[in-house]
Each structure stands twice: as structure tokens, then as C-alpha cells.
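Residues per chain, in single letters:
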Amino acid sequence: MQSIQEIQAEIIEEFAMFEDWEERYQYMIDLGKDLPLIETQFKTDDNIIKGCQSKVWVHAELNDDKIAFTADSDAIITKGIIAILIRTFSNQHPKAILEANTVFIDDIGLKEHLSPTRANGLVSMIKQLKMYAIAYQTQLK
Amino acid sequence: MLDSNKIRADFPILSRKVNGKPLVYFDNAATSQTPQQVIDVIVDYYSNYNANIHRGVHTLSQEATDKYENARNTIQTHFNAKHAYEIILTSGTTESINLVAHGFASILDKGDEIIVSALEHHSNIVPWQILCEKTGAILKVIPMNLEGELEMDSYSELLSDKTKLVFVNHISNALGTINPIESIIEQAHKVGAAVLIDGAQACPHVKPDVQALDVDFYVTSAHKVCGPTGIGMLYGKEEWLTKLPPYQGGGEMIDEVSFEKTTYAGLPHKFEAGTPNICGGIAFGAALDYMNAIGFDTIAEYENELLAYGTKRLLEIEGLKIYGTSKNKTSVISFNLKGIHPYDVGTLLDKMGIAVRTGHHCAQPIMTFYNIPGTVRASFAFYNTKEEIDALVEGVKKSKMMLS
Ligand SMILES: Cc1ncc(COP(=O)(O)O)c(C=O)c1O
């Protein structure tokens, strides 16, 4: 199993290939389009994170001792970033999730999307992922 | 004729770059940019005569007081109020509205009615909801049609002798619709109701004459008319301002104070508790002077040209839909691309140096009406150009290509 750090390094490497913002954004948009992120049954109001402008849904499940996340958004760029976050955080131990950070988002030139003042729900989503990790960690003990 | 090159030179911010591209600023309905003439006034205030007003014997205080009261006179003249003391300087439209709503709490009885329009900004809805909860008054809403215009027949039907207050924006911030406020005011007065008009979106485009309108209250913010943020005004007819109780207690607003009884100062000080935004008030006056020097007819003519051009060019894009299609509208274009979230379009445009607003524009009921999550809103000011509109059109085309 790859660690969160390894996955993040891999993503940084992928993004290093892009020459300008257009290529980076096109890649994110494509990621956003491709991924079937969440099952409809979990796309409920309970699972919604209100970001004012774009909505984010998150669902978590414990498989053995790892958490599997699925998520979605109504805006495609937000969805692209979700795809990247899910790739790093999903199928990891709660402890690893709690210890991980998201500074790699700065390195791939997407910093502005994780600004706390950006109304896209992503900051709250990361908080939510960590909350799930705390909850499942307690459950595992 | 408006010389846009000459005007653009007045705005230092317009020559900056954003994300490596020349800034195209199309978020004027949210806040307007500030010309050097107004910036100079702000610098001059802090460099030469910063002092508290209305209470000092010294020269600086006297100078600051004179300039502040001069600004009030400029505002009075601009809106053609009968008296300078009918102009209350507030922190902006929102505070002005809350001041009136607070005052009406002591006037309304259970079962009285307040009418607002479906085109309102949130700040226009919430204070009335609070007021209704406090007093037992009932909130009624004038519906809108698909063009984004108010249904005036429904308005006439809503009016009755129970109506105590009508509250409508002069121009809608989300769609740019110019509402028929003359008729709204006239009909309200026939049933004895007072009218408060939110002019936040109107003042950048037109010069309202409060006496000709015979409006009871008119409110606006300086930052929409090339002035600074955090300052605005409430115009109220003398008889109404006398009737309303003070909004906040504090210095400046009192006449005599003892622990048994306080008598309030006269207008406008009764509503201006505490040290005001002195520099902001002076700069507000300077901003109106700046716009008047260009002339509101010249501004309107030029902006209408931008609106016609922008509408025509944007509609060339397949799948683009404009919300708010009234013939009476200002230079605001609210739109969506079919199947694409406005947030995505706004994000990509920002990457190209183009500033637009996306979202519900603090007017969720309008978005619910159209059943959309929001729109992309491009709002033009007199310092924008057709070349910038061309850049927007190219930007939207490119966003569409990337997103679909
Ligand atoms: C129609 C309308 N009313 C009220 C406001 C609120 O103005 P302020 O935030 O300056 O108080 C705005 C500003 O966005 C507006 O457009």
C-alpha cells in the first residue's frame, strides 16, 4: 500500500509535467468528469457540505481498518480537486489521515482552492474527512 | 461623449495585472473602483487634518468638521434632499435599512403589513423578517416574471390600508432590472404606506431626485459609486426621521444626559451615535463630485452602449442564457452556460484576469425562481471598454471549451 506521502509526491510529479495553468486546469476538469465519485444513495442532504457556491457531498465507510471515502460536487473544478484529495486520503488508516496535511496542493498550483475564504466547500470537506478519521479511530480502539 | 482612455487613467487599479493578464474588472455591481481624485482626498485627510469632529475647539477638528459637513451638503445636493439634516451618514446600505427597520418596530402593530419584492438582496429581506417576528406584522412579497420584472398588477392587489411600509430596490443587483419605483411610491402613498427604496445598485447609474420621487426613505453605499467601503447614507423625509426612535445610543447623538433622563440631539445627530467614519464621509462626497463631473447622462449613455454590445456578443455563444431580460435594465449581465456550473466559469475567467461575480448574488429567492444554483454576473461601469467585453467573450468561449 502506498502511503499518503508517496501518493502526494506522485501527484506533484504528475502536475510538474504541465506547462501552464490551462493544462493543469484541463487535467483537473478531466479528473472531475471521469470519476464516479459517490453512489446516489449517499448523495443526501445529511452528507452535504454547504460551500455557498458549490456543494460537496462526502461519504465514508470503514473497510477492515481503513477508511474508504467517496465524494462529489456540483461544480466540476471542485470535483477535480476532490478527486485528488480522495486519491490521497482514501483507503488509509485513520491515524495516517489524521497526521496528513494538504500542503501538496500548494505545490501543484491549486492553493487558492483551499483558501478558507473560498466558498467552494473544500476546506470544510477536509475537516469532515478528518472528523470521520477521528470517529473511526475511536471505534477501532 | 465619454473619453474612456482619459477616464481609465484616473483609476490606478485598472492598470494592474491579475494572474499575469491585464485586469478586466467586471464586478462593479459588488464594488466599484476608486479614482485617484478620491484616493487623494483620503490621503489628504490622514496627512493634514485627521481629528475628531463636532467636539473640538482646535483647528484640525474644525477643519475636519467643516469637510465632513460639506460632504453631507454635497450628498444632499446630489440627491436633491430638502435639508442637509435629512441625510444620515451610516456604514452603508445594510445599516441604513436596519436603522429604518429598527425604527418601525415602535410604529407597527400586529397584523400590519410590509411589502417587499421578489428581487431583493438578502440584506433587504432579513431585517423585515426580524421586524415581523418582533411586531407580529406580516411580510408580503411582490412576485416577479420570467424577464426578471416585478408583477405590478400583483403589487396593486397586495396594497391595502393594512400596508404600512413598502420596500423595493431601485435596481436589482442580481439581474439589473430597473424597477418602476415612481409608480410603486405613488400607489403606496395612496394607501398611506411609507416607502423605502434601496438605491445601492441604482446610484452608480442614475441620479435619483428624492423630492421628485416623493420617496420617504432612500438608502445607498458609497463603495458602489467610486467611494470607499464602510460608508453610506440614509435619506429620510424630516417628518419620518423625527418620528423614528434613535437606532444606537452613544456620543454625538445626545443633547443632555443625566441618569434620570437623556434628551436626544436633533437631526441628523440623533442617528449618528459615536465617532463616525469621518474620512469615509468626506471621500463619499468627493466620489459624487467625481461622477457628477463626468455627468450621469454621459455615464448612462456609455454604459447602455456597453450593455447592448455585451449582450449581443455574449449571445453569439451557443448554450449561453441570460437571466434578467427586461428592456429596463442597467449594465449587468447575469448568465449561465448550459450544463456548466457558474463557479467553474468564474474560476477559469479569474485565471484569465477577468473578475466577475458568481453565485447567488445574495439573492437566493431569485435563483430558486429560475431553479439554478447561481449565475455568472458581469457588471460594467463607465470605465470599462468594448475591448474588455471582447476579452470576456473570448474567456467565456474558452471556459466553455475546457469545461464541456
Ligand atoms: C441592492 C443591494 N442592496 C444592498 C446591498 C448591501 O450593501 P452594503 O453591503 O454596502 O451594505 C447591496 C450590495 O451588494 C445591493 O446590491
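Being a predicted model, the structure only gives us computed values, none of them experimental.

A. Representation of the interface of chain A and chain B. Tallying the contact residues gives 18 residues for chain A and 15 residues for chain B. Of all residues in chain A, A:Trp21, A:Gln53 and A:Ile77 give up the largest surface area on contact with chain B, accounting jointly for 38% of the area buried on that side. At the boundary of chain A with chain B, the tally comes to 2 salt bridges. A:Glu112 is the partner of B:Lys351 in a salt bridge, and the nearest nitrogen-oxygen pair spans 2.9 Å.

B. A look at the site of the ligand. All names here are of chain B. The local shell around the ligand holds 11 residues, among which Thr94, Asp198, Gln201, Ser221 and Lys224 are the closest. Backbone polar atom of Thr93 to an oxygen atom of the ligand: 3.4 Å apart, as the coordinates give it. In isolation the ligand exposes 400 Å². Once the protein is present, 84% of that is buried. Class assignment for the residues of the shell around the ligand results in 1 nonpolar, 8 polar and 2 charged.

C. Expanded view of the domain arrangement of chain B. Residue and element names in this part refer to chain B. According to the domain assignment, chain B consists of domain 1 (4-26 + 295-399) and domain 2 (39-293). Put simply, the middle of domain 1 and the middle of domain 2, counted by C-alpha atoms, are 28 Å apart. Together, the buried faces of domain 1 and domain 2 total about 2500 Å²; carbon and sulfur atoms form 61% of this surface. The largest contributions to the domain 1 side of the interface with domain 2 come from Phe296, Thr330 and Ile366, which together make up 26% of the buried area. Taken together, the connections running from domain 1 to domain 2 amount to 0 salt bridges. There are 13 residue pairs in polar contact (both at pLDDT 80 or more) connecting domain 1 and domain 2. Mapped by element, the contributors of at least two residues to the side of domain 1 that touches domain 2 are α11 (296-315), β14 (332-337) and α13 (364-370).

D. Focus on the packing of helix α12 (residues 342-351) of chain B against helix α14 (residues 386-403) of chain B. Residues and elements named next belong to chain B. Taken N-terminus to C-terminus, the directions of α12 and α14 make an angle of 120°; their axes are 9 Å apart at the nearest point. Taken together, the axes of α12 and α14 lie oblique to each other. Seen from above, α12 lies across α14 with right-handed handedness. Counting all contacts with α12, which are made through Asp344, Val345, Leu348 and Leu349, the residues of α14 involved are Leu392, Gly395, Val396, Ser399, Met402 and Leu403. Its residues assigned to classes, the contact of α12 with α14 comprises 7 nonpolar, 2 polar and 1 charged.

E. Main features of the sheet that holds β14(B). Residues and elements named next belong to chain B. With respect to topology, 4 strands assemble into an open sheet ordered β13-β14-β17-β16, the strand pairing being antiparallel. Since the sheet does not close on itself, it has two edges, and those belong to β13 (320-323) and β16 (357-359), each with one partner. Averaged over all pairs of adjacent strands, the angle between their axes in this sheet comes to 30°, without regard to strand direction. Across 4 bridges, the pairing between β13 and β14 is antiparallel. Bridge pairing in β14 links Tyr323 to Ser334. Where α11 meets the sheet, it contacts β13 and β14, and its direction lies at approximately 10° from that of β14.

F. Broad picture of the environment of B:Cys203. All names here are of chain B. With respect to the element layout, Cys203 can be found in the loop between β8 (194-198) and α8 (210-213). Here Cys203 falls in the buried class, since its relative accessible area comes to 2%. When the C-alpha positions of Cys203 and Arg55 are compared, they lie 32 Å apart, and in sequence the two are 148 residues distant. Setting aside anything within four residues of it in sequence, one finds Cys203 in contact with Phe79, Pro208, Tyr218, Thr220, Val225 and Phe296.

G. Examining the packing of helix α3 (residues 76-89) of chain A against α12(B) more closely. Put simply, α3(A) and α12(B) touch, their axes get as near as 7 Å, and they point 85° apart. Between α3(A) and α12(B), the crossing angle belongs to the class labelled roughly perpendicular. Each of A:Ile76, A:Ile77 and A:Thr78 in α3(A) lies in contact with α12(B), whose residues at this interface are B:Tyr343, B:Asp344, B:Thr347 and B:Leu348. Grouping the amino acids of the contact of α3(A) with α12(B) by side-chain chemistry returns 4 nonpolar, 2 polar and 1 charged.

H. Local environment of the pattern of salt bridges. Following the criterion strictly, the structure yields 21 salt bridges over all chains and no others. Residue B:Glu316 is joined to B:Arg313 by a salt bridge in which the shortest nitrogen-to-oxygen separation is 3.2 Å. The class of B:Glu316 is partly exposed, set by a relative accessible area of 46%. Among the ionic contacts, a cluster of salt bridges with common partners joins A:Glu10, A:Glu14 and A:Arg87.

I. Seen up close, α14(B). With 18 residues, α14(B) should reach 26 Å at 1.5 Å per residue; the first-to-last C-alpha distance of 25 Å fits that figure. Listing the buried residues of α14(B) in full gives B:Glu388, B:Ile389, B:Leu392, B:Val393, B:Gly395, B:Val396, B:Ser399, B:Met402 and B:Leu403.

J. Representation of the nonpolar core within the structure. Counting residues in each nonpolar core, the largest one holds 143 residues, and the members touching the most others are A:Phe69, A:Met125, B:Val166, B:Tyr218 and B:Phe382. For this core, the leading source of residues is helix α10 (residues 278-294) of chain B, giving 11 residues. When we break this core down by domain, the ones giving at least three residues each are domain 1 (4-26 + 295-399) and domain 2 (39-293) of chain B. In contact with B:Val166, not counting residues within four places along its chain, are B:Ile115, B:Tyr155, B:Leu159, B:Ile184, B:Ala188, B:Ala193, B:Ala194, B:Val195 and B:Leu196. The next biggest cluster of nonpolar side chains, apart from the first, holds 25 residues, and it includes B:Ala101, B:Leu165, B:Phe167 and B:Ala194.

K. Here's a closer look at the pairing of strand β10 (residues 232-236) of chain B. All names here are of chain B. With 5 of its 5 residues buried, β10 lies for the most part within the structure. In this structure, strand β4 (residues 87-90) lies alongside β10, joined through 4 bridges in antiparallel fashion. Bridged to Leu89 within β10 is Met233. Judged from the 5 bridges that link them, strand β9 (residues 217-221) and β10 form a sheet pairing that is antiparallel. In the strand pairing of β10, Thr220 is matched with Met233.

L. Geometry of empty space enclosed by the protein. Evaluated as defined, the whole model comprises 1 cavity of 30 Å³ or more. Taken as a whole, the largest cavity holds about 110 Å³ of empty space. Taken together, the residues of the lining of the largest cavity break down into 9 nonpolar, 5 polar and 2 charged.

What counts, and where the lines are drawn
- Residues numbered from 1 in each chain as written.
- Chains lettered and ligands numbered in written order.
- Predicted model: local features only at pLDDT ≥ 70, side-chain atom pairs only at ≥ 80, totals over all residues.
- Heavy atoms only, no water.
- Contact = heavy atoms within 4.5 Å.
- Buried area = accessible area lost by both parts, 1.4 Å probe.
- Salt bridge = Lys/Arg side-chain N within 4 Å of Asp/Glu carboxyl O.
- Near = heavy atom within 4 Å.
- Polar contact = N/O pair within 3.5 Å; in protein donor to acceptor, adjacent residues only side chain to side chain.
- Areas by Shrake-Rupley, 256 points an atom, 1.4 Å probe, with all protein chains shown as cover.
- Nonpolar A, V, L, I, M, F, W, Y, C, P; charged D, E, K, R; others polar.
- Domains from an automatic or database assignment.
- Helix = DSSP H or I, 4+ residues; strand = E, 2+ residues; numbered from the N terminus.
- Axes fitted to C-alpha atoms, helices over the stretch in contact; angles between N-to-C directions.
- Parallel < 35°, antiparallel > 145°, perpendicular 65-115°, else oblique.
- Left-handed = near helix turned anticlockwise from the far one by under 90°.
- Pairing = 2+ DSSP bridges.
- Buried < 20%, exposed > 50% of the residue type's maximum accessible area, 1.4 Å probe, protein only.
- Expected span 1.5 Å × (residues − 1).
- Core = buried A, V, L, I, M, F, W, Y, C linked by side-chain atoms within 4.5 Å.
- 1 Å grid on protein atoms, 1.4 Å probe; cavity = no way out; pocket = protein on both sides within 12 Å on 5 of 7 lines; lining within 4 Å.
- Points joined across faces, edges and corners; volume = space filled by probe spheres on them.

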